[in-house]
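# Structural overview
Residue-level listing of the chains:
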Amino acid sequence: MMALFHSEWERLWKRKIAWLFLISIPLIIALTAKYYIGHNASFPLGSPEHTTAENFPVMAMIEQLIVVFNVVALVLLTFSFTEEYRSGQLRLVMLRAYGSSQIFWAKWLAFASMMALFFVVYLVAAAVAGYVFFESSPQQTLFYYDHAVSSRYMIGYTLSYYGMAYASIVGTASVFIAIGVISRSSTAAIGLGMGFLLCSLGFPLIYDLFNRVTGFGWPAMLKYVSLTEIQFSGIAVMLSGSAAAREWHAGLWMVLILAGYVALFTAAARLIFTKSDRFI
Amino acid sequence: MKVLEIEHVTKKAGRRTLVSDMTFEIMQGDVCGFVGPNGAGKTTLIRMITGLVRPGEGTIRIEGFDVQRDRMKALGQVGAIVESPIFFPYMSGRDNLLNLAKLHAGIPKEKRAARVDEVLATVGLDGRGHDKVKTYSLGMKQRLGIAQALLGNPKLIILDEPANGLDPMGIRELRNLILKLNQAYGITFFVSSHLLDELQRICNRFVIIKEGRLVWQGTQEAWLEMAGTSSLEDHFVEMMTT
């Protein structure tokens, strides 16, 4: 199984997008820093939107998680699942004594490992850039927090934030894999994946509008069935532990949502991928 | 010794029967031609032999191992090109083989590169191994296909329409390669092709199918005797049209 994982990892790594993304992380970070430097002019120290050396890694992740990380995940998974299967390239692997279930998990693991590498490099680059581009502050104000936190606390918060961001990417990836195994072409997989992201982004807006117009007053927590909403504000809400978040068990709710996505879509994708006949 | 055993294999897709009650054997050292008109079920049977498709009924054994029940051991004995030789185009020929060599438990890590260079030399691609596959001609891809099939020292190599799209030079190279591997290494070949004249030059046995059913199997001598002509192609056309 390790040999299969290495083989999958190598093929994923040899894709241009994988190493191009990795080497472009410093550039993405630098551009994000430039944006936040301008942003700081409008938000004084003490505002959660004010960027400091300590909170920059989190701010940089908030800025790029929904678009950049999701799109990179979508493209990598489309190459790994849809293109290899539909072009017949995967036949080369399937002819070699491995079962399709083993191939499925090796692909999943190779993707998850590569994304973990991206997250680690992104975190390190953002941590360095934070101290290069922004002033340090002993106290940080965080979104949905009712009190300032210390720089020491910020280290744990940042790691937790990246952990949850990674979990959210695993969530969107499980949907992309399911899309990837049913799509007849890479173009269709990318199109459907982007469609899913747009629907995810649109859902909270429609939900809020619906609530406002009808006056039904449905709970705000339902917005977080959208994975991009978890990525946009859910992680910060979850980590804040504020009274409001505690009231509706935000952390548990969002973890359950993520687990639900992963379980449902991974199981469906595996079922389709491992069907007995492969006319490729 | 039997290398490949097909026993009462049937495959249906919905109401359509793709392969029906097929039974035959291939012995070690054979170069067996697998012939039949388009849509006869050749590729479906090859997919079942290589584990891509599950037989509805019947058993397929390679070197005595059931492909369905003992997949690792059965397919560990096989190298194959099913339909066209497709590779990972963004990698060089050598990198493709190195990547696939990882999947052969019988090739230790420290010997992978040497094994890859060896099979590249065997198929005459040692000078182009570092070039991207997308720059290869079809003939080179066919040879690379055979190289990947050779990686795990297989007892049986299955080639599905290997001469498709090849020019006469490419066909000759392929023929010489098959004969070399058969004679020098004792590798058994199961070759599906429409080019009967070509198969006649390399095969000692034939399996003929039509509409998913076995029509005839036997040695080339027996077929020539039955045909009463030196051209198997003429007799094959006659068999398929009557």
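Residues numbered from 1 in each chain as written. Chains lettered and ligands numbered in written order. Predicted model: local features only at pLDDT ≥ 70, side-chain atom pairs only at ≥ 80, totals over all residues. Heavy atoms only, no water.

## Brief notes about the environment of B:Arg16
All names here are of chain B. With respect to the secondary-structure elements, Arg-16 resides in strand E2 (residues 16-27). The class of Arg-16 is exposed, set by a relative accessible area of 56%. The sequence separation of Arg-16 and Gln-217 amounts to 201 residues, and the corresponding C-alpha distance is 24 Å. (Helix = DSSP H or I, 4+ residues; strand = E, 2+ residues; numbered from the N terminus. Buried < 20%, exposed > 50% of the residue type's maximum accessible area, 1.4 Å probe, protein only.)

## Some thoughts on the sheet that holds strand E1 (residues 2-13) of chain B
All names here are of chain B. Strand order in the open sheet formed by 4 strands is E2-E1-E4-E5, and the pairing between neighbours is antiparallel. Either end of the sheet is taken by a strand with one partner, and the two such strands are E2 and strand E5 (65-66). The sheet contact formed by E1 and strand E4 (residues 57-62) spans 5 bridges and is antiparallel. Of the residues in E4, the one forming a bridge with Glu-7 is Thr-59. Of the strands in this sheet, E1, E2 and E4 touch helix H1 (residues 42-49), which is tilted by about 120 degrees from E1. (Pairing = 2+ DSSP bridges. Contact = heavy atoms within 4.5 Å. Axes fitted to C-alpha atoms, helices over the stretch in contact; angles between N-to-C directions.)

## Some points on unusual backbone geometry
Residue and element names in this part refer to chain B. One non-glycine residue, His-8, lies in the positive phi region at around 50 degrees. Considering the arrangement of structural elements, one finds His-8 in strand E1. In this model, Glu-83 sits at a positive phi of 55 degrees, which is unusual for a non-glycine residue. Following the sequence through the fold, Glu-83 ends up in the loop between strand E6 (78-81) and helix H3 (93-101). Since its relative accessible area comes to 37%, Glu-83 is described here as partly exposed.

## Re the interface of chain A and chain B
Each partner contributes to the interface: chain A provides 26 residues, whereas chain B provides 30 residues. Both sides of the chain A and chain B interface together cover about 2,700 Å² of buried area, and 58% of this is carbon and sulfur. It is A:Leu92, A:Leu95 and A:Arg96 that lose the most area in chain A upon contact with chain B, and together they represent 25% of the buried surface on that side. On inspection of chain A and its partner chain B, the count reaches 3 salt bridges. (Buried area = accessible area lost by both parts, 1.4 Å probe. Salt bridge = Lys/Arg side-chain N within 4 Å of Asp/Glu carboxyl O.)

## Notes on the packing of aromatic side chains
Residue and element names in this part refer to chain A. Scanning all chains against the criterion turns up 29 aromatic pairs over all chains. Ring centres of Phe-119 and Tyr-166 lie 5.5 Å apart, and the angle between their planes is 85 degrees; this geometry places the pair in the edge-to-face category. Of this pair, Phe-119 sits in helix H5 (residues 100-133) while Tyr-166 sits in helix H6 (residues 151-182); the two residues are 47 residues apart in sequence, bridging distant segments of the chain. Given a relative accessible area of 5%, Phe-119 falls into the buried group. When its relative accessible area of 23% is taken as the criterion, Tyr-166 is described as partly exposed. The ring centre of Phe-79 lies 4.3 Å from the NZ or CZ of Arg-15, which sits over that ring. Of note, Lys-107 hangs over the ring of Phe-81, and the distance from its end group to the ring centre comes to 5.8 Å. (Phe/Tyr/Trp six-rings, centres within 6.5 Å; stacked < 30°, edge-to-face > 60°. Lys NZ or Arg CZ within 6 Å of the ring centre and 35° of its normal.)

## Some points on the packing of H3(B) against helix H4 (residues 112-122) of chain B
Residues and elements named next belong to chain B. At a minimum axis separation of 9 Å, H3 and H4 run at an interaxial angle of 130 degrees. Comparing their axes, H4 and H3 come out oblique. In this structure, H3 crosses over H4, and the sense of that crossing is right-handed. Along the contact surface, H3 presents Arg-94, Leu-97, Leu-98 and Ala-101, while H4 presents Arg-112, Ala-113, Val-116, Asp-117, Val-119 and Leu-120. Residue composition of the contact of H3 with H4, grouped by class: 7 nonpolar, no polar and 3 charged. (Parallel < 35°, antiparallel > 145°, perpendicular 65-115°, else oblique. Left-handed = near helix turned anticlockwise from the far one by under 90°. Nonpolar A, V, L, I, M, F, W, Y, C, P; charged D, E, K, R; others polar.)

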